[in-house]
Amino acid sequence: MSNLMASRRQKAGDDGERSLIGPPSRHVDENLPDRDAPKPLFVYLLAFFSALGGFLFGYDTGVVSGAMILLKKEMNLNALWQELLVSSTVGAAALSALSGGYLNGWLGRRICILVASFIFTVGGIILSLAPDKVVLLVGRITVGLGIGIASMTVPVYIAEVSPPHLRGQLVTINSLFITGGQFIASVIDGAFSYVRQDGWRYMLGLSCLPSVLQFFGFIFLPESPRWLLQKGRSLEAHQVLSQIRGGQNIDEEYDTIRASIEEEEKDLNGGGPVIFRILRHSPTRRALIVGCGLQMFQQLSGINTVMYYSATIVQMAGVRDDKQAIWLAAATSATNFVFTLLGVWLVEKVGRRKLTLGSLLGTGLSLALLAVGFLLSAQNSPPITLHPLDPQNSTCRTYGSCEGCMLDPDCGFCFLENGTNVYDSSCVPVNQSSTDHAAWGRCSNGTEASDNPIWAYNYCPSSYSWIVLFGLILYLAFFAPGMGPMPWTVNSEIYPLWARSTGNACSAGVNWIFNVLVSLTFLHVAEFLTYYGAFFLYTGLAMLGLIFVLGCLPETKGLQLEEIENLFAGQLCSCGEPSPNSNRHVQYIRHDLEFSQANYGAVESDSAIAYITVSNASRY
Ligand SMILES: O[C@H]1[C@H](O)[C@@H](O)[C@H](O)[C@@H](O)[C@H]1O
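Worth saying up front: this structure is predicted, and the values here are computed from it rather than measured. (Residues numbered from 1 in each chain as written. Predicted model: local features only at pLDDT ≥ 70, side-chain atom pairs only at ≥ 80, totals over all residues. Heavy atoms only, no water.)

Caption draft 1: Spotlight on the packing of aromatic side chains. Summed over the entire model, instances satisfying the criterion amount to 20 aromatic pairs. Taking the centre distance of 5.9 Å and the plane angle of 50° together, the rings of F522 and Y531 count as tilted. Neither residue differs from the other here; F522 and Y531 are each classed as buried. Measuring from centroid to centroid gives 5.8 Å for F535 and Y538, while their planes differ by 80°, and the two rings are edge-to-face. Placement of both F535 and Y538 in helix α21 (residues 497-552) is noted, with a separation of 3 residues, approximately one turn of the helix. Y538 shares its class with F535; the two are buried. Every member of this aromatic cluster is reached through a ring pair, and the members are F374, F522, Y531, F535 and Y538. (Phe/Tyr/Trp six-rings, centres within 6.5 Å; stacked < 30°, edge-to-face > 60°. Buried < 20%, exposed > 50% of the residue type's maximum accessible area, 1.4 Å probe, protein only. Helix = DSSP H or I, 4+ residues; strand = E, 2+ residues; numbered from the N terminus.)

The structure is reproduced here in structure tokens:
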């Protein structure tokens, strides 16, 4: 199986037979985007309706931060409940992504997408009608289950229906929809933040619109032809492939997929659960390491910390008004969205490998800049000038400057400012039921202090904040086109059909598990290492990721899905060079002259598709 590399050849003449020694297929040979290749409209329609799953993934993970501002007041949520409502969704997504592999293989991609959109709709309804926090939690877990299934199924489905020259672009559109969902969520958050009473119900419930649209759309859309063929439904598979290729001749592509499945089945003599077979078979084991590694490093580069922390960074830079900070956070997600668009444009031009490498390098440098900005801010942290008597005798009175005070989760910084000048500053305990106020004194809730002191929880005012703001924008500009979408895109293409659902389930699970880990540990890491220490740590992790990608990620651009397994036939890390084994390829020869849908059943039994393995042939 590892030697399988289907190479398409052009027709030798008009006699209906394909030549054995024909010229190599253009897409592989030139490694250039296939500009003249047809772009059937139907495949765009499929990509759009499937990518609504990505939109919901982005919307439901993004909307909660704005909803929380209103919810915590209306439902009197303490820190534990706030944490639960945010992370339960991501935790549920991790579990359902892992089990989604089994569902995908069993029920098919289409049914899984229908199930996910149904779950999203039910979750949205529960959330918008929730009478109390327990029902809210049930709703958040429900949408998390939908997110997990969608996050692993949609890229696989799009990859399986796309022609090779458009595959990278179309799968990356799913990532564009993820960041688009996060952006729309932040705009909806901004708009409904003015509706004090029940504004959160609209924020959380509006996700029902795209999920209902996706559900009804998918009732009429077809199953992946590759999955159909794997299940032995060859007539249907042929019809669907021909439909999504807009009536072009699909014989070669169909033969390649069919022969590849036959070859796989012959070689799959070892039984047991698919994950064990993946681990036993070295090419798929290597692909799994690359896929999971990419997803792990995506999260370890701190994207969700940066996005989550953006509102605070903006406040640190001097925007003190809550509403303005919400709108500026929307600008952050807009940046993430716009630069993902750049990724959609670049993926078929420069390829996955170069795009990921460039993105990781830039991400690492911007993280270092963020760290330097935090370091300068810490070194020039405003001193504490007032020491009011502390009735609680808390640790807050022990700090000499804002830096130590804001790193202590029990304290906050209360100050006056005149331009960039900070004065009359104190460090006081935070109100346990809401971090928006101090527990007592000038900055506590209900205190009408005439001089209007500012309460800073989690940040310090700093004249170096522009470096941090610049670092934040630079970070998103580098992360969004490459490290954001490529882990999803690459995972959708590197596994052979029999291992695709399980491989994607594992790697998506790794993504969600590291997502929870990084977001849950960020504040503790910052407490122990300070903010600049935390960002230097992420810089180091991004650099490790760079070494990993440099060594282990092969280029998959332009190859047919059936050809890609061969890239993993050699050693795990060959620094992007094709392994010697990847020169071996299988060639398909169709013996019959006619292949029409009308006589398809007969053709299938009469015709023979021969495949030969050519060892170590020169690479075209
Ligand atoms: O690819 C996505 C995207 O970059 C999102 O902005 C991020 O929140 C997700 O965690 C990630 O998987």
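Caption draft 2: Structural view of the packing of helix α4 (residues 79-107) against helix α6 (residues 133-161). Contact pair α4 / α6: the axes reach a minimum separation of 6 Å and the direction vectors enclose 35°. The two elements α4 and α6 cross, and the hand of that crossing is right-handed. Across the contact of α4 with α6, the residue classes break down as 17 nonpolar, 10 polar and 2 charged. (Axes fitted to C-alpha atoms, helices over the stretch in contact; angles between N-to-C directions. Left-handed = near helix turned anticlockwise from the far one by under 90°. Nonpolar A, V, L, I, M, F, W, Y, C, P; charged D, E, K, R; others polar.)

Caption draft 3: Inspection of unusual backbone geometry at higher detail. Although it is not a glycine, N76 adopts a positive phi angle of roughly 50°. Locating N76 in the fold gives a position in the loop between α3 (64-74) and α4. Not every positive phi belongs to a glycine, and D198 is a case in point at roughly 65°. On the secondary structure map, D198 appears in the loop between α7 (164-192) and α8 (199-205).

Caption draft 4: Examining the packing of helix α17 (residues 352-379) against α21 more closely. Remark: α17 packs on α21, axes separated minimally by 8 Å, with the N-to-C direction vectors making an angle of 165°. One element, α17, and the other, α21, form an angle in the roughly antiparallel class. Considering only the axes of α17 and α21, their crossing is left-handed. Partitioning the contact of α17 with α21 into residue classes produces 22 nonpolar, 4 polar and 1 charged. (Parallel < 35°, antiparallel > 145°, perpendicular 65-115°, else oblique.)

Caption draft 5: Focus on the pairing of strand β2 (residues 411-418). When you tally the buried positions in β2, you get 6 out of 8 residues, the bulk of the element. Taken together, the 7 bridges between β2 and strand β3 (residues 421-429) define a ladder with antiparallel strand orientation. Paired with E417 across the strands is V422, a residue of β3. Counted between consecutive antiparallel strands, the loop separating β2 from β3 contains 2 residues, among which G419 sits at a positive phi close to 65°. Strand direction decides the pairing type here: β2 and strand β4 (residues 454-456), joined by 3 bridges, are antiparallel. Note on β4: the bridge partner recorded for C414 is W455. (Pairing = 2+ DSSP bridges.)

Caption draft 6: View of the nonpolar core. By size, the foremost hydrophobic cluster in this structure holds 76 residues, and its most contacted members are L71, L136, W200, L204 and W512. Apart from residues lying up to four places away in sequence, L136 is in contact with L71, M75, L85, L127, A130, W200 and L204. The next biggest cluster of nonpolar side chains, apart from the first, holds 67 residues, and it includes F374, Y459, A499 and L567. (Core = buried A, V, L, I, M, F, W, Y, C linked by side-chain atoms within 4.5 Å. Contact = heavy atoms within 4.5 Å.)

Caption draft 7: Quick peek at helix α20 (residues 486-493). Of all 8 residues that make up α20, 8 are buried, and the element is covered over most of its length. Turning to α20, its buried residues are M486, P487, W488, T489, V490, N491, S492 and E493.

Don't take any of this as a statement about function, it's just geometry.
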